[in-house]
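# Overview (structure and organization)
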2 protein chains.
Amino acid sequence: MADKKIFLGEEFLPTQWYNLNADFPNPMPPPLHPGTGKPPTPEDFAPIFPMNLVEQEMTPDRWVDIPEEVLGVYKIWRPTPLYRADRLEKALDAPVKIYFKNEGVSPPGSHKPNTAVAQAYYNKAFGVKRIMTETGAGQWGSALAFACQIFEIELKVFMVRVSFDQKPYRRIMMETWGAECFPSPTNTTEAGRKILEMNPDSPGSLGIAISEAVELAVKREDTRYALGSVLNHVMLHQSVIGLETKRQLEAIGDYPDVIIGCAGGGSNFAGLAFPFIADKIAGKEIQIIAAEPTSCPTLTRGPYAYDFGDTNQTTPLLPMYTLGHDFIPAPIHAGGLRYHGMAPMVSHCVREKLVEARPYDQMETFEAGITFARSEGFISAPETCHAIASVIEVAKQAKEEGKEKTILFNWSGHGLVDMASYDAYLSNKLQPYSLPDEEIARALKAIEGLPKIA
Amino acid sequence: MADKKIFLGEEFLPTQWYNLNADFPNPMPPPLHPGTGKPPTPEDFAPIFPMNLVEQEMTPDRWVDIPEEVLGVYKIWRPTPLYRADRLEKALDAPVKIYFKNEGVSPPGSHKPNTAVAQAYYNKAFGVKRIMTETGAGQWGSALAFACQIFEIELKVFMVRVSFDQKPYRRIMMETWGAECFPSPTNTTEAGRKILEMNPDSPGSLGIAISEAVELAVKREDTRYALGSVLNHVMLHQSVIGLETKRQLEAIGDYPDVIIGCAGGGSNFAGLAFPFIADKIAGKEIQIIAAEPTSCPTLTRGPYAYDFGDTNQTTPLLPMYTLGHDFIPAPIHAGGLRYHGMAPMVSHCVREKLVEARPYDQMETFEAGITFARSEGFISAPETCHAIASVIEVAKQAKEEGKEKTILFNWSGHGLVDMASYDAYLSNKLQPYSLPDEEIARALKAIEGLPKIA
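Read on for an overview of the structure. The residue count restarts for each chain, going from 1 along the sequence in the order it is written. Think of it this way: whatever chain is written first is A, whatever ligand is written first is 1, and the rest follow in order. Given that this is a predicted model, residues contribute local features only at a pLDDT of at least 70 and side-chain atom pairs are listed and counted only at 80 or more, while totals for whole chains, interfaces and linings are drawn from all residues. Processing note: side-chain calculations cover all non-hydrogen atoms of the structure and skip hydrogens and water entirely.

### What to know about helix 12 (residues 240-251) of chain A
Residues and elements named next belong to chain A. Selection criterion: Comment: elements are numbered from the N terminus, with helices defined as DSSP H or I runs of at least four residues and strands as E runs of at least two. Under the convention used throughout, the expected extent of a helix is 1.5 Å for every residue step, that is, one less than its residue count. Here the term buried applies to any residue with accessible area under 20% of the maximum for its type, exposed to any over 50%, and partly exposed to those in between, with areas from a 1.4 Å probe on protein chains only.
Compared with the 16 Å implied by 1.5 Å per residue over twelve residues, the 17 Å span of helix 12 between its first and last C-alpha is a close match. Taken residue by residue, helix 12 has Val240, Ile241, Gly242, Leu243, Glu244, Thr245, Gln248 and Leu249 as its buried positions. Within two residues after helix 12, Gly253 carries a phi angle of roughly 65°, on the positive side.

Pasting the structure below:
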């Protein structure tokens, strides 16, 4: 390949999303309604999501058309460039070719708008006037603010208070795109008030913020809730990443031996990997790695079990690798990917050995991020640094074994609004952290008594 | 044009920079050595810049080859996409086509690396081991840190203290790329100590920071100084923007009626406009607008005069529009573009009526930035918002006059590390500000007694 990056024209933008559910050799276990113990019906989801998205959540179809209106917005930043990381290759001095898909070129700077735009569109089409959502550090909230602005939907974002206070930039991004952002817990919801009564200085958590958003969403007929990861329809929308990458690699006649993505809720990993997993199921030999933090090692140390998606137990029970719905990563952890569970589809891939999960310590991930910034130039989101740490590990192993390998990874976002984490690393304020066994045991008490996966 | 954005392959990257000095109908007045009153010789510059850059500063050649090594680094983000701002057009409902060149896709997020990479390369080629520079909010410092990392040159950046304290993100970016960054004034230089003796709490200024950087640069044989705007060789390197844009417009068979850029020191404006000014000199009808802040109205309210490039009077006298080398914009000004003077080449264009300058109030510029973010999606640097305000003004006028117009502007950088300014605007902490006449009169006392332009 002569070129540093491959763009391809807009005519190469996929016009359909890919649904891996159509190709699993063994089907996923269904979610369960916690009350009935049976799979939830579409009606169970109706107060939370618009019915067109509920249908997508449950569809068995292999391909789903991307609406024209969504394609029109995708074209603001898609197709995204596929890069050859030749400078990183040189720095690693290993017998590898490395490609990365640059999802950081979207206006909010990450892969999140791939689903945010689709969700805003479907809500609009269903007549929804107002969306409620939660956000941690703000990557999802800012992506949805961008999308809701375009489709003229009102958006309220419940942002975990500690992030709201310490990381104002993404909050300001949301406001710039016209959304309202509140530090959660608030006193505007029952869930929030309950927490504040117990602890007026609560730093908040993703679980509390979800509860606040869902509580307000189900209250009004014209309002719904939106989630940026975990669910099937989110994985579906993100498949545009991998589909585009396949076309780009095809254009230069290459194909990867190893595919790597970081995994928190699972959406950027799934987005790149799922279209290639279809090939793997069809017999192609590919190694596919999900990189996660040692401080939130859902896939590598959690059981595969039914668990709630949120702390307040308002969601259906999802079949997934989980650390228990009460789990909150230690404050020392600076690398994102803090969700207690993992997308059921990604979990199923790990269970079925289509995907291998590997944990990385935060010291290793930031070191990888610095190596990347000082070779390829771009500053990566702390989440993305997990994927880079994995790429470096695979490259070093290839060197030791003297094997040539072609590695592809998802550069899921830039780190320009996460510089405080780099500062902590560069000024030696971070330290290695691996979640202790007793913490996991304690957290997993939350799922005792829940139904088991058959 | 069917496509939202035009990329073109890397084979379209220009291989030469364009030097407008070769085509001016009337030549620019020369700079003057303040001691001799005569044009400085290359040797006068030798302690400050490497000789290969001094030669570029003075070259009469129309075209200068871009070294292979520089092209290799440019390819990390160049060619940059040319966008059709169809969503902004719709929002403005005016008979205009609007294009913008997206220079925000570079790793540091602005046009600055176009010259930073070239300067780092030439310093390296000349054997320089260490570069000293200054930076205000940090756009230049971070770009040079990125470039010096690639060419393995040590970099020390003197950052205006008030920005160092209030805007840590760009400082961390510099450190991520391996540079050292100091809050200026420091006690490591005579210039800094002098200021600190008078005022231990000095907030610093660009003029002081330049003096510190130059003082340390001339002290050591293996060390030089670098400047991110104003000078001829900077304008030369930035011409890659306009040259690329011409090829992209050619590919879709279009040509602009109006070209707009924001102007502080002048480099992003020159980068886009100069290759088109060559056409204007050859007879083409194009309106070319330099947009500046009403709080630092160098081109619209300063005299055309000889002045120093820095507060401490260490540079040659430059022929330029200036508010006096002591001038510092009021703290209320949040939009960047704070330099007291203007690149001599841009000044000459205004003097020769090749370029028209227009001032914009900060309330108008942030409003324009919000309009852009809510239509095109991207969040603009506060500097870039001046260009957008001008685009909107031109579009409104075209609507009033019922004239169709094609507008091209330079989207010189994103605002993701400048969100604090948006916050100030959105929370009503900003107010209109136009520099009072008496402030200008007071500032211009600094150039009394300097030679006049013949």
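### Some remarks on the environment of Arg161 of chain B
All names here are of chain B. Where we set the bar: In what follows, a contact means two residues having at least one pair of non-hydrogen atoms within 4.5 Å.
Within the secondary structure, Arg161 is located in helix 7 (residues 161-166). Of the residues examined, Arg161 reaches a relative accessible area of 26% and is grouped as partly exposed. Setting aside residues up to four positions removed in sequence, Arg161 forms contacts with Pro183, Ser184, Pro185, Ser202, Pro203 and Gly204.

### Side note on the pattern of salt bridges
Residues and elements named next belong to chain A. Stated precisely, the cut-off is as follows: For this document, the term salt bridge refers to a Lys or Arg side-chain nitrogen within 4 Å of an Asp or Glu carboxyl oxygen.
Using the criterion set out here, one finds 48 salt bridges over all chains in the structure. Asp23 is paired through a salt bridge with Arg62; the nearest N and O atoms lie 2.5 Å apart. Here Asp23 is found in the loop between strand 2 (16-18) and helix 1 (42-45), whereas its partner Arg62 is found in the loop between helix 2 (51-58) and strand 3 (63-65), with 39 residues between them in sequence. On the accessibility criterion, Asp23 (19% relative accessible area) is buried. If you follow the salt bridges from partner to partner, you end up with Arg130, Glu154, Lys156, Glu180, Arg220 and Asp222 in one network.

### A closer look at the nonpolar core
Short version of the rule: Here, nonpolar core means buried Ala, Val, Leu, Ile, Met, Phe, Trp, Tyr and Cys residues that are tied together by side-chain atoms lying within 4.5 Å of each other.
Core analysis: the biggest nonpolar cluster contains 302 residues, and Trp17, Tyr74 and Phe409 of chain A together with Trp17, Tyr74 and Phe409 of chain B have the highest contact counts within it. Ranked by size, the runner-up nonpolar core spans 14 residues in total, among them Ala305, Phe327, Ile440 and Ile447 of chain A.

### A closer look at the sheet that holds strand 4 (residues 82-84) of chain B
All names here are of chain B. We count it as follows: At least two DSSP bridges between two strands are required for those strands to pair. Fitted lines through C-alpha atoms give the axes, limited to the stretch in contact for helices. The angle between two N-to-C directions lies from 0 to 180 degrees.
Strand order in the open sheet formed by seven strands is 1-4-5-15-10-11-14, with mixed pairing between adjacent strands. In the strand order of this sheet, the two ends are held by strand 1 (5-6) and strand 14 (356-360), each with one partner. Note: strand 4 against strand 5 (residues 96-102), three bridges, orientation antiparallel. Its bridge partner lying in strand 5, Arg84 is registered against Tyr99. Along the sheet, helix 12 (residues 240-251) makes contact with strand 1, strand 4, strand 5 and strand 15 (405-411), crossing strand 5 at roughly 135°. Most of the contacts of helix 13 (residues 267-281) go to strand 10 (residues 258-262), to which it runs at about 155°, and overall it touches strand 10, strand 11 (287-293) and strand 15.

### Observations regarding the relation of the copies chain A and chain B
Here is the rule we go by: Superposing the copies works by least squares over the C-alpha atoms of residues that have pLDDT at least 70 in both of them.
Under the fitted operation, chain A is carried onto chain B by 0.0 Å of movement along the axis and a turn of 180°, and the coordinates agree to an RMSD of 0.0 Å. One copy is carried onto the other by what is essentially a two-fold rotation axis. A high fraction, 100%, of the interface residues of chain A reappear at the interface in chain B, so the copies pair face to face through one surface.

### Here we look at the sheet that holds strand 6 (residues 130-135) of chain A
Residue and element names in this part refer to chain A. Across the sheet, which stays open at both edges, the four strands sit in the order 8-7-6-9 with parallel pairing between neighbours. Two strands close off the open sheet at either side, each with one partner strand: strand 8 (180-184) and strand 9 (223-225). Sheet twist, expressed as the mean angle between neighbouring strand axes with direction ignored, is 25°. Contacts from helix 6 (residues 139-150) reach strand 6 and strand 7 (154-160) within the one sheet, and its direction differs from that of strand 6 by about 160°. Against the sheet, helix 10 (residues 206-219) contacts strand 6, strand 7, strand 8 and strand 9, and its axis sits at roughly 170° relative to strand 6.

### Let's talk about the interface of chain A and chain B
Defined as follows: By buried area we mean how much accessible surface two parts lose on assembly, using a 1.4 Å probe and totalling the loss over both.
Counting residues at the interface gives 46 residues for chain A and 46 residues for chain B. For the pair chain A and chain B, the summed buried surface comes to about 3900 Å²; carbon and sulfur atoms form 59% of the total. Considering only the side of chain A, the residues that lose the most area to chain B are Tyr169, Thr176 and Arg374 of chain A, jointly responsible for 17% of the buried surface there. Linking chain A with chain B are four salt bridges. The partner of Lys5 of chain B in a salt bridge is Glu10 of chain A, with the nearest N and O atoms 3.3 Å apart.

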